[in-house]
Amino acid sequence: MNALVVPSEHELIASIETARALFNAGDLDLALKIASVTYDQSKSVAGSAERVKASREVVDKARRMQAEALKIESLCYVAMADAVDSAQAKGEISRGGRPKTVSQENGFTLEEIGIDRKQLHSARQLRNAVRADPELIDRVVEARLAEGLEPTRTALKKEAGHAIGTKTATKEERGDDLYETPIEAMRTLLALESFSLAVREPSVGRGAIMRPLEAAGYDVLISDLVDRGVVTEHGECQGVGDFLKSSGPSKLYSVGPDIVTNPPYGVANAYAAHALREHRPGKMALLLNLNFLAGFEDADRCFVMDRNPPSRVYVFTRRLPMMHRDGWTGNKASSQMNTAWFVWERNHDGTYGNGFPALIRVDWEQYQDADPLAPGEGVHADPIIFSDEEDFTRDTPRKTLDERIEEEFSRSLIWMKHMEPFDDVALRRGVGLRPSVASALIDAFAAQGLIERQEDGRFLPTGAGLNMIATVGAVDMTKQLKAGVPIAEVLA
């Protein structure tokens, strides 16, 4: 067996430039041969340098040349796949089988253009992936180098295979853009974030987010563009309508229910902006592609990322299990999308965020047995760190009903100041309470003579109740003014 000739650095560079020039000139066969040989030679140089513990600079230079050769080789295969398909469409090359499908005298074979059937299959797969993501080859190769990894044919082939399964669905194939949220994502979010007791899920789908929220003790208000007959644990049917056309609280400074959802990615920019502008949630968590951090041309993206940035972004260090589109019956691919929970929190002045968001890396596998934070707290927790020696899970005690009544007593009283008849449902939704807390508060108000039942079964404050509302309201107003809340918001 002949030993592989190891050329010098200058010879490798010259070979790469020659291959690139031949590719640009359209000589794909020769460009492919030179690029492939250069790839193997650069790979050998890098391997030898690592074995003898040469300087990192030597290894990096060899890897860089290997990467450039791989890029040219890959582009040659992409161009060859296009050339073969075009020739077959014109009847200039046989598709195989009998009878013979090429009758022209100028017909040619795969072997004559330097590619066999196995290579053609891989070339077509790579070509299809590049059509879906024109930057695929450069992005994958450069990412390998940036991570200190070898830029190999195998790694690129693997990425191309995943790209076919995850990036080529047309708008028509995506349909309603329903990609069910993995339970792993919800367990992680609920272990790190607490929301108001009433949470809105405006893209409920089949309930992948609603069910974990309800299991954690939240009252979920659900709707979707498509009626799939989803019902909450309390028997409330989903609303049906376009979230982008929905209305939020009527009063300027009112705060809407918190929002937790996985929005349709095709309208993610407009969706997030509409949620903040129109619904004004106290807190909002959206499961988004990590690329949502970038981009500057879309006005809605700039509104939610620059003018009203999220407070925290939980980046999944381990990719979530694949979210296949609703009704998908093909092969189950592994996920090639990096995702994150983007969490917005509303300030007193109605804006969101405070400077740059905190980027927090989390591994969803560490949260599968963690307890959710108690609902209604509106707080967040630092990520938990698991050591190799101990098995740790969070044990967050739930507050008792009496504790919740004591906490919400003043806020609920102030809510009654507009003298509008109410029942437990109106109180629950207006203040953001669980049904059990709303009912218990009404019983407590009635027992103390602060409210009385009307003929229609609803309640209104009594004279004693109005005095209590005024007293509590004055105290609360003073606290807000001292805290720097704008007077217009305090008086709203």
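Residues numbered from 1 in each chain as written. Predicted model: local features only at pLDDT ≥ 70, side-chain atom pairs only at ≥ 80, totals over all residues. Heavy atoms only, no water.

K.L.:
Teacher, can you tell me more about the sheet that holds strand β4 (residues 258–261) here?
P.N.:
Pairing between the strands of a sheet is mediated by backbone hydrogen bonds and can be parallel or antiparallel. Spatially, the 8 strands line up as an open sheet ordered β3-β2-β1-β4-β5-β7-β6-β8, and their pairing is mixed. Since the sheet does not close on itself, it has two edges, and those belong to β3 (239–240) and β8 (358–362), each with one partner. Here strand β5 (residues 283–289) runs beside strand β7 (residues 339–345); their pairing, made up of 7 bridges, is antiparallel. Opposite N289, over in β7, you have T339 as the bridge partner. (Pairing = 2+ DSSP bridges. Helix = DSSP H or I, 4+ residues; strand = E, 2+ residues; numbered from the N terminus.)

K.L.:
Would you mind showing me how to read the nonpolar core here?
P.N.:
Nonpolar side chains in soluble globular proteins tend to be buried together. One finds F195, L213, Y218, V260, F316 and W341 to be the most contacted residues of the largest nonpolar core, which totals 30 residues. Elements supplying a minimum of two residues to this core: α8 (183–192), α9 (210–215), β2 (219–224), β5, β6 (312–316), β7 and β8. Ranked by the residues each element gives to this core, the list is headed by α8, at 6 residues. Counting residues in each nonpolar core, the second largest holds 21 residues, with Y271, L276, M284 and V313 among its members. (Core = buried A, V, L, I, M, F, W, Y, C linked by side-chain atoms within 4.5 Å. Buried < 20%, exposed > 50% of the residue type's maximum accessible area, 1.4 Å probe, protein only.)

K.L.:
Would you mind going over the side chain of N308 with me for this structure?
P.N.:
Along the chain, the position of N308 falls in the loop between α11 (299–307) and β6. There is a polar contact of 3.2 Å between the side chain of N308 and the backbone nitrogen of Y352. Apart from residues lying up to four places away in sequence, N308 is in contact with L276, F303, W344, T351 and Y352. (Polar contact = N/O pair within 3.5 Å; in protein donor to acceptor, adjacent residues only side chain to side chain. Contact = heavy atoms within 4.5 Å.)

K.L.:
Which parts of the structure should I look at to understand the environment of V230?
P.N.:
Turning to its location among the elements, V230 is positioned in the loop between β2 and β3. Using a relative accessible area of 10% as the deciding quantity, one classes V230 as buried. The sequence separation of V230 and V204 amounts to 26 residues, and the corresponding C-alpha distance is 8.0 Å. Residues within four places of V230 in sequence aside, it is in contact with V204, G205, R206, M210, I222, E236, C237 and Q238.

K.L.:
Looking at this model, I keep getting lost on unusual backbone geometry. Mind explaining?
P.N.:
Trans is the prevailing form of peptide bonds, just as negative phi is the prevailing case for residues other than glycine. Unusually for a residue other than glycine, R280 sits at a positive phi of about 50°. Position of R280 among the secondary structure elements: in the loop between α10 (268–279) and β5. Since its relative accessible area comes to 11%, R280 is described here as buried.

K.L.:
Help me understand the confidence of the model for the protein chain in this model?
P.N.:
Caution applies to low-pLDDT regions: their predicted coordinates should not be interpreted in detail. The predicted model of the protein chain has a mean per-residue pLDDT of 80, with 79% of residues at 70 or higher. For residues 164–176, every residue scores under 50 in pLDDT, and the model assigns this stretch 21 contacts once sequence neighbours within four places are set aside. Scored below 50 in pLDDT, residues 324–335 makes 22 contacts in the model with residues more than four places away or belonging to other chains. (pLDDT = per-residue confidence, 0-100.)

K.L.:
What exactly am I supposed to notice about the pairing of strand β1 (residues 198–201) here?
P.N.:
A regular strand places its side chains so that they alternate between the two faces of the sheet. Here β1 pairs with β2 via 4 bridges, running parallel. Looking at β2, one finds that V199 is bridged to V220. The handedness of the β1 to β2 crossover, carried by α9, is right-handed. (Right-handed = clockwise from strand over helix to strand, strands pointing away.)

K.L.:
Could you clarify how one ought to interpret the packing of helix α3 (residues 56–90) against helix α4 (residues 117–132) in this entry?
P.N.:
Two elements in contact, α3 and α4, have axes separated by 8 Å at closest approach and are oriented at 100°. Taken together, α3 and α4 sit at an angle that is classed as roughly perpendicular. Each of S74, Y77, V78, A81, D82, V84, D85 and Q88 in α3 lies in contact with α4, whose residues at this interface are Q119, L120, A123, R124, L126, R127, V130 and R131. Per-class residue counts for the contact of α3 with α4 are 8 nonpolar, 3 polar and 5 charged. (Axes fitted to C-alpha atoms, helices over the stretch in contact; angles between N-to-C directions. Parallel < 35°, antiparallel > 145°, perpendicular 65-115°, else oblique. Nonpolar A, V, L, I, M, F, W, Y, C, P; charged D, E, K, R; others polar.)

K.L.:
Help me understand the pairing of β7 in this model?
P.N.:
Most of β7 is tucked away: 6 of the 7 residues are buried. Inspection of the sheet shows β6 paired to β7 by 4 bridges, in the antiparallel sense. Note that in β7 the partner of V313 across the bridge is F342.

K.L.:
Is there a simple way to think about the side chain of N269 in this case?
P.N.:
Within the fold, N269 resides in helix α10. A distance of 2.5 Å separates polar atoms of two side chains, one belonging to N269 and the other to R301. Not counting the four nearest positions on each side in its chain, N269 is found in contact with F292, D298, D300 and R301.

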